[in-house]
Amino acid sequence: MTVTGPPGYTLTFAEADPADVDRLGGKGAGLARMSQQQLRVPPGYIIGTPACRTYLAEKRLPDGLVDEIGSRLTELERAAGKAFGGGPVPLLLSVRSGAPISMPGMMDTILNLGICRDSAVALGRATGDSRFVADVVARFHAMYAETVLGALDPGPAVASVVDSVIGTDDPGAVYDRVWAACERALADDTGDTVPADPQDQLLGAVEAVFRSWNTRRARTYRDFHGIPHDLGTAVVVQSMVFGNLSDDSGSGVVFTRNPVTGEPGLFGEYLAHSQGEDVVAGVRTPDPVATALAPSVLAELQSTCDALERAQGDVLDIEFTVERSVLYLLQVRSAKRTPEAAVRIAADLVDAGVTTVRAALRGVSAAQVRQVQRPGFDPAEVTAARAGGRLLTTGIGACPGQVSGALVLDPDRARDRTDAGEAVVLARSVTSPADLHGMIAARGIVTATGGSTSHAAVVARALGTCCVVGAGELRIDAATRTLLVGKTRLAEGDPVSLDGSTGELFAGSFATATPAATSGAMDRVLAMASAASGCEVLSRVTLPADVAVARSAGACGLVTAIDEILAATGHLDGLVAHLLEAPARGADGFERFTDLIAQELAPVLAEAGGLEVGVRAIDLVADESRELLQQTAVTTRHPELAVPLGRLALIEAQLAGLGRALASSGGAARVHLAVRHICDPAEARLLRETAAGTGIAVGSYLTSPRGVLAIEEIAGVSDVIWLEVRSLQAAMFGLPPRLLLTAEPLDDYLRRGLLPADPRRRLDPSVERLLGPAAAVAGAARVGVRLAGEVSETVVEQLYSLGFRRFAISTGETRPLTLALGRAATG
């Protein structure tokens, strides 16, 4: 890991290199960049990630760090013109985490740090408002006690003391009363005490932020998003500005474009007389930023956001505070966005000249493309449900999607029921980082409070999970495990349905329907990706209706399989018994087989028009065939079928049927027949001889390492070759190929450390070495890669790097694969 800048663990915003995100963390890098752009950023400094890694390894603050923190604090006092722990103008601090990769809400923050009796008196005199002093003292004590000491919220006992304070009270006496009430509540809870010395507070807060890197919620988030556990977090120490100071103060979060839809224009929320934690915690519902801010502040925020978006070439998430009508910027980062928004934003930013094709493609993932294609509710059912009184309430749509599931009111139970195979919708009054495991498990999330920048909304967008927030009519009774909306009471386990776009929550479940089409933005993004990669992507189809779907997904060709077509049309079971009794003397005994191939393939070829169509010959030994037939492998009674050309008449019959289908369809399609499990040039040579005179091109599916090792010779006598990556990976591990499409037992093996990497997500080094020479042949021959299951972007990047440019995949994964290839080409 590269470390730049002055030696030591700390850097001021002016000293830091904004490009050094590994050291500064995302928050520190963003603040350094804005500060160096002369934007209004409260002064501060950054404790780099190396200090965190050392702390976690040695279980103590690194040597010299305490002295550095003291020196930087002295510099900060000078820059801010304030005094830490005293007056006449007191310096209070925010101490915030900042990982190199954004993990919103997963680690700890402490605000208002540095409050003590002397600073409280100075704060009261400087502001003339002892009620404000009481609020600051209570906030700091509660946040420090929870974050550093693991305490619970102090509850109404402290709140009543704060509420009793008036603005003209003596600030010293106010501090004494509020601090004493907080200390009593803490003593009753944990027996601990919050240090009154600001220096001790600061060191305790830094250690707490370091420790928060390894909390359960943080590790769960990193596991889910594939973020390494060894990065560590930076700590940002910054002068406080106060959104809770007056009526013309407040805090907000704004996005430079709508993170839900991708629509251009400021999108965000503002909460007057509040601190930033009030906005993101979701305990109060804020107001839209466009109507809540004073016109002059809104205009400054708009121009600042426009400039930052253009400078950084991305949609941004900006936290800000207004203190007595003066705007301060507290954080900038790449915005978490829904899959739908990600696609539109990528297209729009390129069209507007704000970003490059490379950056735009990096802003969209294959998983997001997959989610945009996901099914939605049947519109007719939704209309009937509204008319029939099933609509319970409407909140704020925070992340699109339409899902049905069992209502669950607790995150632990949500995870347990999901693990048992049940789809669930998690309902909470408000979510917190402690709910993350349940939010990951849930198919949908709904909260009673919070806005579109609340914890629930931000995390749901990061997860791509359907979410509705601010459904204020919800009343959750944890004791009886019921949810009350108006006069309707639902019990945990009752079916509910959630629409993350409209914000609607319905009683009961809905049928889902496949989206009719994707957006024009999707087409533009995929066109960029396809042009960047220069790859051919063929889609797997089975029925004639599948061809139009494959075309709309951008496929340049099709692949299909005779056994799958016959299974889908109801012919396979009876036909196999007929084939096994057919004489092996030639194709005459397979006339019914030939007729069926011609009958069922002709409509597919007619729909294909002039597209290339690769047809895989029937394979009676594959896992898929055994599942289709639901019987013991036919090779037990007919061992000649265990080898690709053991019964040559079977191949001849398929060639004849394919020829008839092509003729009756109009003959426009470019067809080839490929046979699985070819592993020797002699087999490929015999296959070509068998096809001679039929007009049908022939090829091989290579499923074994031996076949790949002989690829150069096989290619010399084949029209086309397909490499089955899943079969090759499985062969190297000695596993049945079907296991690479399931969770267990490989998940268990990975947890136990019995595999170095997940073979479903990454090519094994042995397979990479095997495929290297094959890729060289692919440059001169029609060699393609056949993929199965969900696209792994890592595997795609590995294959692209090896030199493969021709791929086949299921129709549902055609768009994700096209995007992944574009990312690989521009990465």
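Refer to the structure printed above.
Residues numbered from 1 in each chain as written. Predicted model: local features only at pLDDT ≥ 70, side-chain atom pairs only at ≥ 80, totals over all residues. Heavy atoms only, no water.

Novice: Please give an account of the packing of helix H4 (residues 117-127) against helix H5 (residues 130-149) that cites residues and values.
Specialist: With their axes 8 Å apart at the nearest point, H4 and H5 run at an angle of 140° to one another. By crossing handedness, the relation of H4 to H5 is classed as right-handed. Of the residues in H5, those in contact with Ala-120, Leu-123, Gly-124 and Thr-127 of H4 are Phe-132, Val-133 and Val-136. Broken down by class, the residue content of the contact of H4 with H5 amounts to five nonpolar, two polar and no charged. (Axes fitted to C-alpha atoms, helices over the stretch in contact; angles between N-to-C directions. Helix = DSSP H or I, 4+ residues; strand = E, 2+ residues; numbered from the N terminus. Left-handed = near helix turned anticlockwise from the far one by under 90°. Contact = heavy atoms within 4.5 Å. Nonpolar A, V, L, I, M, F, W, Y, C, P; charged D, E, K, R; others polar.)

Novice: Break down the nonpolar core for me, with residues and values.
Specialist: One finds Ile-47, Leu-202 and Phe-210 to be the most contacted residues of the largest nonpolar core, which totals 82 residues. Here the element with the most residues in this core is H5; it accounts for 11 residues. Filtering out sequence-adjacent residues up to four positions away, Leu-202 remains in contact with Tyr-45, Ile-69, Leu-73, Leu-93, Val-95, Leu-113 and Val-237. Grouped together as the second largest cluster of nonpolar side chains are 79 residues, Cys-535, Leu-641, Val-783 and Val-785 included. (Core = buried A, V, L, I, M, F, W, Y, C linked by side-chain atoms within 4.5 Å. Buried < 20%, exposed > 50% of the residue type's maximum accessible area, 1.4 Å probe, protein only.)

Novice: If you had to explain the state of the cysteines to someone new, which residues and values would you point to?
Specialist: In total, this model carries zero disulfides according to the counting rule given. Cys-116 forms no disulfide, and the closest cysteine sulfur to it belongs to Cys-182, at a distance of 15 Å. Cys-467 forms no disulfide, and the closest cysteine sulfur to it belongs to Cys-399, at a distance of 7.0 Å. Taking the relative accessible area as the measure of exposure, Cys-467 reaches 0% and is therefore buried. (Disulfide = S-S within 2.5 Å.)

Novice: Summarise the sheet that holds strand E28 (residues 612-616); cite the residues concerned and give the values.
Specialist: Read around the closed barrel, the eight strands follow the order E26-E27-E28-E29-E30-E31-E32-E33; overall the barrel is parallel. Going across the sheet, the axis of each strand differs from the next one's by a mean of 30°, ignoring polarity. Examined bridge by bridge, E28 and strand E29 (residues 670-676) share five bridges and lie parallel to one another. Counted as the bridge partner of Gly-614 is His-672 from E29. Of the strands in this sheet, E28, E29 and strand E30 (697-702) are in contact with helix H26 (residues 648-664), which crosses E29 at around 160°. (Pairing = 2+ DSSP bridges.)

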